[in-house]
Amino acid sequence: MKLVRAVIREDKLVDVLDALVRAGYTGATVFRDVGGMGGESGVVKIRGRTYEALLPRAVVEVAVEDGEVEKVVKTIMEAARTGHVGDGRIFVLGVEGAWRIRSGEKLG
Amino acid sequence: MKLVRAVIREDKLVDVLDALVRAGYTGATVFRDVGGMGGESGVVKIRGRTYEALLPRAVVEVAVEDGEVEKVVKTIMEAARTGHVGDGRIFVLGVEGAWRIRSGEKLG
Amino acid sequence: MKLVRAVIREDKLVDVLDALVRAGYTGATVFRDVGGMGGESGVVKIRGRTYEALLPRAVVEVAVEDGEVEKVVKTIMEAARTGHVGDGRIFVLGVEGAWRIRSGEKLG
Ligand SMILES: Nc1ncnc2c1ncn2[C@@H]1O[C@H](COP(=O)(O)OP(=O)(O)OP(=O)(O)O)[C@@H](O)[C@H]1O
Ligand SMILES: Nc1ncnc2c1ncn2[C@@H]1O[C@H](COP(=O)(O)OP(=O)(O)OP(=O)(O)O)[C@@H](O)[C@H]1O
Ligand SMILES: Nc1ncnc2c1ncn2[C@@H]1O[C@H](COP(=O)(O)OP(=O)(O)OP(=O)(O)O)[C@@H](O)[C@H]1O
Ligand SMILES: [Mg+2]
Ligand SMILES: [Mg+2]
Ligand SMILES: [Mg+2]
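Residues numbered from 1 in each chain as written. Chains lettered and ligands numbered in written order. Predicted model: local features only at pLDDT ≥ 70, side-chain atom pairs only at ≥ 80, totals over all residues. Heavy atoms only, no water.

Draft legend 1. The pattern of salt bridges, seen in detail. Evaluated as defined, the whole model comprises 27 salt bridges over all chains. A salt bridge links A:Arg22 to A:Asp18, with the shortest nitrogen-to-oxygen separation between them at 3.1 Å. In this pair, A:Arg22 and A:Asp18 are both assigned in helix α1 (residues 13–22), four residues apart and thus about one turn of the helix distant. Assessed through its relative accessible area of 12%, A:Asp18 is described here as buried. Each of A:Arg5, A:Glu61, B:Arg5, B:Glu61, C:Arg5 and C:Glu61 takes part in a single network of salt bridges with overlapping partners. (Salt bridge = Lys/Arg side-chain N within 4 Å of Asp/Glu carboxyl O. Helix = DSSP H or I, 4+ residues; strand = E, 2+ residues; numbered from the N terminus. Buried < 20%, exposed > 50% of the residue type's maximum accessible area, 1.4 Å probe, protein only.)

In structure tokens:
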């Protein structure tokens, strides 16, 4: 099992979730109150003092079987893309174990 | 070292932290402002437009030695469970290095 | 590629981002609304009831090439340190794939 983690524009969240559901992925976890620096922004200096100026982001995590990673990544990329700098990045992490809390069942 | 990441009902957070402390795990990081879709909810359509309707979640992360994973997972599952759909999931990730910032000491 | 994840004091965020940029790392993702327990705090009992009393934290994530991990960790540790208990921890996770959403380009 893999964890696909996408850092996207905050205002693309609904489009991305909608695309995931249409592609058959109905489970996801979303982190809000996330900020990003990716060249466009980050820290700024005003009269010698440094301030934070991060762009609003959302992080969407989808755990899937190994064979689904490519399709999930493509689904998210197409839904999250505007074509302008700052569209975000996707990172894939390995999952060594997974459980459903309700049943205690091991999922992966 | 492993990172045990639990996506739980927001209103189970205190119970889960309390159970962790009682079981001897006094270190944890909690992400709030998290939303989840897991079949029960996610995106909804109203008159052709799509809206986000995520359930409120908290994510609790506990880094532990490999041999502790099973006990931590069990501790969290028992404290987070209501028995109704939507109780959450737990994912375990591998940790390749860990440091204590105060001392600079490498922990794993 | 590795994901360096630092759990720091919330009020050290600007210093850490500033140090990263000075060291040449201009990409990072920041999670706010994070709470931490690390011995100093966590759950408290008042008249038999348990309450959450987490310290305010920020989580800073920086994805870097394997050979950069040590330098990034050192950069963050120096900027985030006060020398008092509770300065935070850093965890390094393996990244199995990475993509730039704008271009669809695979980065790692
Ligand atoms: N090295 C990194 N580590 C962690 N997060 C990153 C990194 N680089 C970018 N990000 C996250 O991704 C978000 C978007 O990055 P961005 O789209 O600017 O990537 P990019 O590679 O600079 O692409 P572009 O050229 O389109 O701007 C950032 O706001 C940040 O949250
Ligand atoms: N594939 C997934 N990837 C990432 N997060 C997920 C995934 N599936 C579920 N989650 C997260 O776990 C939360 C709870 O999931 P949920 O308890 O509904 O799991 P479930 O397997 O559908 O179990 P149940 O049958 O009890 O509902 C979701 O709100 C979401 O945050
Ligand atoms: N085992 C752990 N798993 C996940 N997060 C942790 C763990 N231990 C600590 N943390 C996170 O790191 C933050 C700071 O931890 P802290 O600095 O207290 O670490 P420490 O090892 O107790 O060092 P110190 O002795 O300096 O207090 C905590 O508030 C929590 O968010
Ligand atoms: Mg950029
Ligand atoms: Mg469900
Ligand atoms: Mg401590």
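Draft legend 2. The relation of the copies chain B and chain C, seen in detail. For the pair chain B and chain C, the relating rotation is 120°, the translation along its axis is 0.0 Å, and the fit reaches an RMSD of 0.0 Å. Here the two chains are linked by the operation of a three-fold rotation axis. Looking at the rotation axis and the C-alpha trace of chain B, the residue lying nearest is B:Asp33, at 3.9 Å. An asymmetric contact is evident, with only 15% of the interface residues of chain B recurring at the interface of chain C. (Least-squares fit on C-alpha atoms with pLDDT ≥ 70 in both. Contact = heavy atoms within 4.5 Å.)

Draft legend 3. The interface of chain B and chain A, seen in detail. In this assembly, 34 residues from chain B lie in contact with 34 residues from chain A. Across the interface of chain B and chain A, roughly 2,800 Å² is buried in total on both sides, 61% from carbon and sulfur atoms. The tally of links between chain B and chain A comes to three salt bridges. Taking the shortest distance from any N to any O, the salt bridge between B:Lys2 and A:Glu96 comes out at 2.6 Å. Taken together, the links from chain B to chain A amount to 11 residue pairs in polar contact (both at pLDDT 80 or more). Those elements that provide at least two residues to the side of chain B that touches chain A are β1 (2–9), β2 (27–38), β3 (42–46), β4 (49–53), α2 (69–80) and β6 (88–94) of chain B. Class assignment for the residues of the side of chain B that touches chain A results in 17 nonpolar, nine polar and eight charged. Pairing of strand β7 (residues 97–100) of chain A with β6(B), which is carried by four bridges, proceeds in the antiparallel orientation. The residue of β6(B) that forms the bridge with A:Trp99 is B:Ile90. (Buried area = accessible area lost by both parts, 1.4 Å probe. Polar contact = N/O pair within 3.5 Å; in protein donor to acceptor, adjacent residues only side chain to side chain. Nonpolar A, V, L, I, M, F, W, Y, C, P; charged D, E, K, R; others polar. Pairing = 2+ DSSP bridges.)

Draft legend 4. Inspection of the pairing of β4(B) at higher detail. All names here are of chain B. Two strands pair when backbone bridges link them, and β3 and β4 are joined in this way by five bridges, in the antiparallel orientation. Following the sheet pairing, lysine 45 is matched in β4 by threonine 50. Joining the antiparallel neighbours β3 and β4 is a turn of two residues, in which arginine 47 adopts a positive phi near 50°.

Draft legend 5. Expanded view of the site of ligand 2. Neighbouring residues of ligand 2: 19 residues in total, closest A:Thr29, A:Arg100, A:Arg102, B:Gly88 and B:Arg89. Residue neighbours of ligand 2 fall on chains A and B, so the site bridges chains. Relative to its unbound accessible surface of 600 Å², ligand 2 loses 93% to contact with the protein. Broken down by secondary-structure element, the contributors of at least two residues to the shell around ligand 2 are β2 (27–38) and β5 (55–64) of chain A together with β2 and β6 of chain B. Residues that form the shell around ligand 2 fall into these classes: six nonpolar, six polar and seven charged. (Near = heavy atom within 4 Å. Areas by Shrake-Rupley, 256 points an atom, 1.4 Å probe, with all protein chains shown as cover.)

Draft legend 6. View of the interface of chain B and chain C. Contacts between chain B and chain C engage 34 residues on the former and 34 residues on the latter. Around 2,800 Å² of area is buried between chain B and chain C when both sides are counted, 61% of it from carbon and sulfur atoms. Taken together, the connections running from chain B to chain C amount to three salt bridges. We note a salt bridge from C:Asp33 to B:Arg32, for which the minimum N-O separation is 3.4 Å. The tally of links between chain B and chain C comes to 11 residue pairs in polar contact (both at pLDDT 80 or more).

Draft legend 7. Quick peek at the site of ligand 1. In the vicinity of ligand 1, 19 residues are found, and the nearest of them are A:Gly88, C:Thr29, C:Ala63, C:Arg100 and C:Arg102. Proximal residues around ligand 1 fall on chains A and C, making this an inter-chain site. For ligand 1, an oxygen atom lies 2.8 Å from a polar atom in the backbone of A:Gly86. One of the backbone nitrogen or oxygen atoms of C:Ala63 is found 2.8 Å away from a nitrogen atom of ligand 1. Protein contacts shield 93% of the accessible area of ligand 1, which totals 610 Å² for the unbound molecule. Elements that contribute at least two residues to the shell around ligand 1 include exactly β2 and β6 (88–94) of chain A together with β2 (27–38) and β5 (55–64) of chain C. Residue classes in the shell around ligand 1 are distributed as six nonpolar, six polar and seven charged.

Draft legend 8. Looking closely at the relation of the copies chain B and chain A. In screw terms, the move from chain B to chain A is a rotation of 120° and a rise of 0.0 Å along the axis, fitting with an RMSD of 0.0 Å. Each copy contacts the other with its own distinct surface, as only 15% of the interface residues of chain B are interface residues in chain A too.

Draft legend 9. Local environment of the packing of helix α1 (residues 13–22) of chain C against helix α2 (residues 69–80) of chain C. Residues and elements named next belong to chain C. Close contact between α1 and α2 brings their axes to 8 Å; oriented N to C, the two are set at 145°. The two elements α1 and α2 cross, and the hand of that crossing is right-handed. Together, Asp15, Val16, Ala19 and Leu20 of α1 and Val72, Thr75, Ile76, Ala79 and Ala80 of α2 make up the contact between the two elements. (Axes fitted to C-alpha atoms, helices over the stretch in contact; angles between N-to-C directions. Left-handed = near helix turned anticlockwise from the far one by under 90°.)

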